[in-house]
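# A look at the structure
Residues per chain are reported as follows:
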Amino acid sequence: MCVTMDERLGICYLYFKGDLTAPTMAEAERTVIDALRRYDAFEVDLSGVGVIDQSGVRLLRWMKNNGSRTIRFVNPSPVALLALESKIDDWS
């Protein structure tokens, strides 16, 4: 999993590429936590997500429900869209 971060006009752009699974979660979490500490508005591009498991679903849900920040998920891959629209329990 590669998560790259870019900033323009006070908005943090995060680009996810690869598998969002338990073995790759540490790197993704570090980048997300760093971004959440520095910015209040986000656009998260999920077009590069190929595989997602329960850990990945939890990370996306945690981002979505994290305080008063504005987070917009864009260009979700089919599997990322399914994860965003489903219940977390469906991914056990």
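Figured I'd write up the structure that's included with this text. Source: prediction; values computed, not measured.

Take the sheet that holds strand β1 (residues 2–8) next. Strand order in the open sheet formed by 4 strands is β1-β2-β3-β4, with mixed pairing between adjacent strands. Edge positions in the open sheet fall to β1 and β4 (70–74), since each of these has one partner strand only. Shown here is a sheet whose adjacent strand axes are inclined to one another by a mean of 20 degrees, direction ignored. Note: strand β3 (residues 41–52) against β4, 5 bridges, orientation parallel.

Once that is clear, we can look at helix α3 (residues 78–85). Among the residues of α3, Ala80, Ala83 and Leu84 are the ones counted as buried. Projected onto a plane normal to the axis of α3, the buried residues spread over an arc of 95 degrees and lie on a single side. Away from the buried face of α3 by more than 90 degrees, exposed residues Pro78 and Glu85 are located.

Relative to each other, helix α1 (residues 25–38) and helix α2 (residues 54–64) sit at 5 degrees, their axes nearing to 11 Å. With respect to each other, α1 and α2 are oriented roughly parallel. Residues Met25, Ala28, Glu29, Val32, Ile33 and Leu36 of α1 form the contact with α2, whose participating residues are Ser55, Gly56, Leu59, Trp62 and Met63. Tallied by class, the residues present in the contact of α1 with α2 amount to 8 nonpolar, 2 polar and 1 charged.

Thresholds, definitions, all that
Residues numbered from 1 in each chain as written. Predicted model: local features only at pLDDT ≥ 70, side-chain atom pairs only at ≥ 80, totals over all residues. Heavy atoms only, no water. Pairing = 2+ DSSP bridges. Helix = DSSP H or I, 4+ residues; strand = E, 2+ residues; numbered from the N terminus. Axes fitted to C-alpha atoms, helices over the stretch in contact; angles between N-to-C directions. Buried < 20%, exposed > 50% of the residue type's maximum accessible area, 1.4 Å probe, protein only. Arc of directions from axis to C-beta. Parallel < 35°, antiparallel > 145°, perpendicular 65-115°, else oblique. Contact = heavy atoms within 4.5 Å. Nonpolar A, V, L, I, M, F, W, Y, C, P; charged D, E, K, R; others polar.

Just geometry here; none of it tells us what the structure is for.
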